[in-house]
Amino acid sequence: MDLKRDDGLTRPPGFLERTFALSAHGTTVRTEMLAGLTTFLTMAYIVFVNPNILGDAGMPKGAVFVATCLVAAIGSLVMAFYANYPIALAPGMGLNAYFAYVVVLQMGYTWQAALGAVFISGLCFMVVTLTGLRRIIVEGIPRSMRIAITVGIGLFLAIIALKSAGVVTASPATFVTLGDLHKPSTVLAVLGFLIVAVLSVRKVRGALLAGILTVTALSFIVADNTFQGVASLPPSIAPTLFALDIKGALSGGLLNVILVFFLVELFDATGTLMGVANRAGLLTEGKMERLDKALMADSSSIFVGSLLGTSSTTAYLESASGVEEGGRTGLTAATVAILFLACLFFAPLAGSVPAYATAPALFYVACLMLHELVDLDWDDLTEVLPACVTALLMPFTYSIANGVAFGFITYAVIKLLTGRFRDVKPVVWVIAGVFLFKFVATGSAH
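About the thresholds
Residues numbered from 1 in each chain as written. Predicted model: local features only at pLDDT ≥ 70, side-chain atom pairs only at ≥ 80, totals over all residues. Heavy atoms only, no water. UniProt positions renumbered as here; feature names shortened; annotations may be inferred. Domains from an automatic or database assignment. Contact = heavy atoms within 4.5 Å. Buried area = accessible area lost by both parts, 1.4 Å probe. Salt bridge = Lys/Arg side-chain N within 4 Å of Asp/Glu carboxyl O. Polar contact = N/O pair within 3.5 Å; in protein donor to acceptor, adjacent residues only side chain to side chain. Core = buried A, V, L, I, M, F, W, Y, C linked by side-chain atoms within 4.5 Å. Buried < 20%, exposed > 50% of the residue type's maximum accessible area, 1.4 Å probe, protein only. Helix = DSSP H or I, 4+ residues; strand = E, 2+ residues; numbered from the N terminus.

- The name given to the chain in an unreviewed UniProt entry is Guanine permease, with the source organism recorded as Methylobacterium aquaticum.
- Its UniProt record gives the chain the following Sequence similarities (unreviewed entry) comment, quoted word for word: "Belongs to the nucleobase:cation symporter-2 (NCS2) (TC 2.A.40) family. Azg-like subfamily."
- The record in UniProt for the chain states the following under Subcellular location (unreviewed entry): "Cell membrane".

What follows is the structure in structure tokens.
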């Protein structure tokens, strides 16, 4: 649309107006940039958390830090210019923990092979989006199982966070027990969670980031942390760039891992995109007009992230905070991208952040993910029981894959034996069959 000039003549719309259709969405450049800053502050914790988690898997933290910032910027820019949605992307919580603590540390695969699995899952995600199979898969998976996967990942994050904080520790008698609450690191972690919780309740933007930075600052005083500086040129990404091992990922043991990556990425991305778009008033008759474009941005980011050296990238629910500030177009996501690029010069600060400083943010995110339980139909035990099996087995077997496997098998068997097998879509039978065959063949979901 043409705009009025002061002399009464019209002038052609500028680049931002042409690209993002700001007027059509009832927004302005200033509103979009403030919304982008708000979204960034609520999700910036990932630049500290992701290197810590993947670092535990043996990946070079400096390179992971750079990969995290770059893929968040690239993914958000694709979302901005291709799909024009106010939704930012970054490496997802939950799958990064699964990548590090299960695939690498528990199952014994190299982090290069795990990156290969991420690459293949992203490729699969892209194929099902382009071919329209995504809709068939999403509609074929019961809502209760989608809820259960989200909740189970939350519980899995919770036990990882509590372990990193020192709040729980191993016990030969009871498996887990209360840790040493007199340790300075544990006290700081508890304090960090309280800071995050209180600030969040008071609607303070950047509550998670504030908690991480406060605990980190105090750690130099009371917990013998070493200050490494604030800013510098970005570290080299060479140690993780194109380091993925696709051949290793195609080995038998990682096929289930690829399936788990793919399913979680698919449900997480679809649910987040729909939820944020709904809050922004961008749904038409309950549908996203450009959902396939948004999912392409998501899947291409997974693809790129694996090449750069990080776990699966996904749309961030924290984008809703920017939407609340008025963000309605891709300019919000583009602003987030620019801020992530600026983060590249703060690697020393990221390197100074200890695991117990990021644990409170991890635990807070886990708590929020449990909210999904209220959406279960608690009067239908054929839906509730498999969902509970899925969610509970993830932390108790320390594996998202095991939770998903047992959940789908339980769902299929209960529906079959109670005469409700017609309720089960073909997709569920296929997934349950794949996992059951794997258990019979190897005795493990791995």
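## A short note on the domain arrangement of the chain
Then, in step 1: You can read the domains of the chain as domain 1 (15-167 + 229-354) and domain 2 (379-445).
Then, in step 2: Taking only C-alpha atoms, the centre of domain 1 and the centre of domain 2 are 27 Å apart.
Then, in step 3: At the junction of the two partners, domain 1 supplies 30 residues and domain 2 supplies 24 residues.
Then, in step 4: Buried surface at the junction of domain 1 and domain 2, both sides included, amounts to about 2200 Å², of which 77% is carbon and sulfur.
Then, in step 5: On the domain 1 side of the interface with domain 2, the three residues burying the most area are M145, F156 and N256, jointly 24% of the side's total.
Then, in step 6: Put simply, domain 1 and domain 2 have 0 salt bridges between them.
Then, in step 7: On the surface where domain 1 and domain 2 come into contact, there are 1 residue pair in polar contact (both at pLDDT 80 or more).

## As for the nonpolar core
Then, in step 1: By size, the foremost hydrophobic cluster in this structure holds 133 residues, and its most contacted members are Y98 and F99.
Then, in step 2: With 14 residues, helix α12 (residues 255-279) is the largest single contributor of residues to this core.
Then, in step 3: The residues that make up this core include at least three from each of domain 1 (15-167 + 229-354) and domain 2 (379-445).

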